[in-house]
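Analysis of the macromolecular model
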Amino acid sequence: MGVKIAGLGKAVPQMVLSNEKLSERVDTSDEWIRSRTGIENRCIAVTETTEQLATSAALEAISAAGIEAHNIELVIVATVSPDTTMPSTACLVARNIGADRATCFDITAACSGFVFASEVAISMMNQGGYQNALVIGAEVLSKMLDWEDRGTCVLFADGAGAVLYTKSEENQILAIETGSNPKGADQITLPAGVGNHTFYQVEERKQTIQMSGRDVYVFATTKVPESIRKVLEKAQLTPEEIAVYILHQANSRIMDNVAQKLGVPKEHFFKNLSHYGNTSAASIPMALYDAKALLKSGDKIILSGFGAGLTWGTMLLEW
Ligand code: UT7
């Protein structure tokens, strides 16, 4: 028995914020954002919540899979922007979709969160007891941004992607590897909670994402090719044998650099960040959803995430 993908779902907020519109408020320009990152638009939540986006994506994945929510035994949400720390977003999604038998919890591994959550789900499924597992990446990062920090606010955005994994005689998940380098813990940060209150002192602190962009760029363009090569070695494949690379959608230049390091044409790297920006844990399942029309049966696909922690994770799938 193996594990295969039975359904995919995606949800984004209604409001689209273009680079032009953003530059009316922030000291930036469409030219800078487009040329340095590849981002043109992003979706920003006005009324939508992380719970709602995760639920919409989950409902679409379940419907695509043709599986009753009652038969889902595991719900894992990867997020750094939950509406509540407790209950977990996974519990809220399970309640909303009627997954009344599921074990539910959230995972925090930032932009690697979807791969980490998938590894946990697939390990639990392979150990037995779980037939169907829903793994969701969902973020409303716009709430966590300092809208005066042009180094971050032009990059991050909101959305959700969901994958319904099911146990099957055919195995689609060929290899996974994940890792962390806590020495880089200070390179991307977001304080937890709504306040930093101690017993004696109520401290005002900015609850926003801070990032040392250049350091993270160097980390990503070094670690991601290494991680991909490790996974390919496990499966005895070469970079040329991969039909589509789906990387965390942080920066078009990172993807081009990784393509160059692997010696494959950059056209093999799927990109949708021009529409959605960097949606952290949601970006890989959202990109897989958008790429699915291009995928052919038997195609080998790499999914690779990287981000705060520092963390990284790569999965090899056979479509
Ligand atoms: O999702 C988690 C993982 N995150 C990432 O993978 C992000 C990795 N890092 C990056 O993608 C890039 O480092 C950034 C897109 C964040 C920044 O691009 P960069 O080419 O590394 O720019 P920089 O930070 O070195 O800044 C270059 C210049 C600076 O001006 P000076 O000092 O050269 O005069 C910045 O002040 O660009 C300026 N700048 C901007 N200008 C207009 C920085 N942000 C902006 C902006 N608009 N939004």
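Predicted model, so just to flag it, every value in this text is computed and none were measured.

Quick notes on the rules
- Residues numbered from 1 in each chain as written.
- Predicted model: local features only at pLDDT ≥ 70, side-chain atom pairs only at ≥ 80, totals over all residues.
- Heavy atoms only, no water.
- Near = heavy atom within 4 Å.
- Polar contact = N/O pair within 3.5 Å; in protein donor to acceptor, adjacent residues only side chain to side chain.
- Areas by Shrake-Rupley, 256 points an atom, 1.4 Å probe, with all protein chains shown as cover.
- Helix = DSSP H or I, 4+ residues; strand = E, 2+ residues; numbered from the N terminus.
- Nonpolar A, V, L, I, M, F, W, Y, C, P; charged D, E, K, R; others polar.
- Salt bridge = Lys/Arg side-chain N within 4 Å of Asp/Glu carboxyl O.
- Buried < 20%, exposed > 50% of the residue type's maximum accessible area, 1.4 Å probe, protein only.

For the ligand, the set of nearby residues contains 23 residues, the closest of which are T28, R36, R214, N251 and N278. Within the side chain of R36, a nitrogen or oxygen atom sits 2.8 Å from an oxygen atom of the ligand. Between N251 and the ligand, the recorded distance is 2.7 Å, taken from a side-chain N or O atom to an oxygen atom. If the ligand stood free it would expose 950 Å²; the protein chains cover 75% of that surface. Counting only elements with at least two residues in the shell around the ligand, the list comes to α2 (30–37), α7 (213–234) and α8 (252–262). Considering every element that reaches the shell around the ligand, the biggest residue donor is α7, with four residues. Split into classes, the residues belonging to the shell around the ligand amount to twelve nonpolar, six polar and five charged.

With that settled, the discussion passes to the pattern of salt bridges. Inspection of the entire model under this criterion finds twelve salt bridges. D290 is paired through a salt bridge with K10; the nearest N and O atoms lie 2.7 Å apart. You can see D290 sitting in helix α10 (residues 283–291) and its partner K10 sitting in strand β1 (residues 2–11), a full 280 residues away along the chain. On the accessibility criterion, D290 (25% relative accessible area) is partly exposed. Note on K10: relative accessible area 17%, which makes it buried. Residue K223 pairs with E226 through a salt bridge whose shortest N-O separation is 3.0 Å. Of this pair, K223 and E226 are both found in helix α7, three residues apart, which corresponds to roughly one turn of the helix. Accessibility expressed as a relative area gives 40% for E226, which makes it partly exposed. Through salt bridges with shared partners, a single network forms among D30, R34 and E40.

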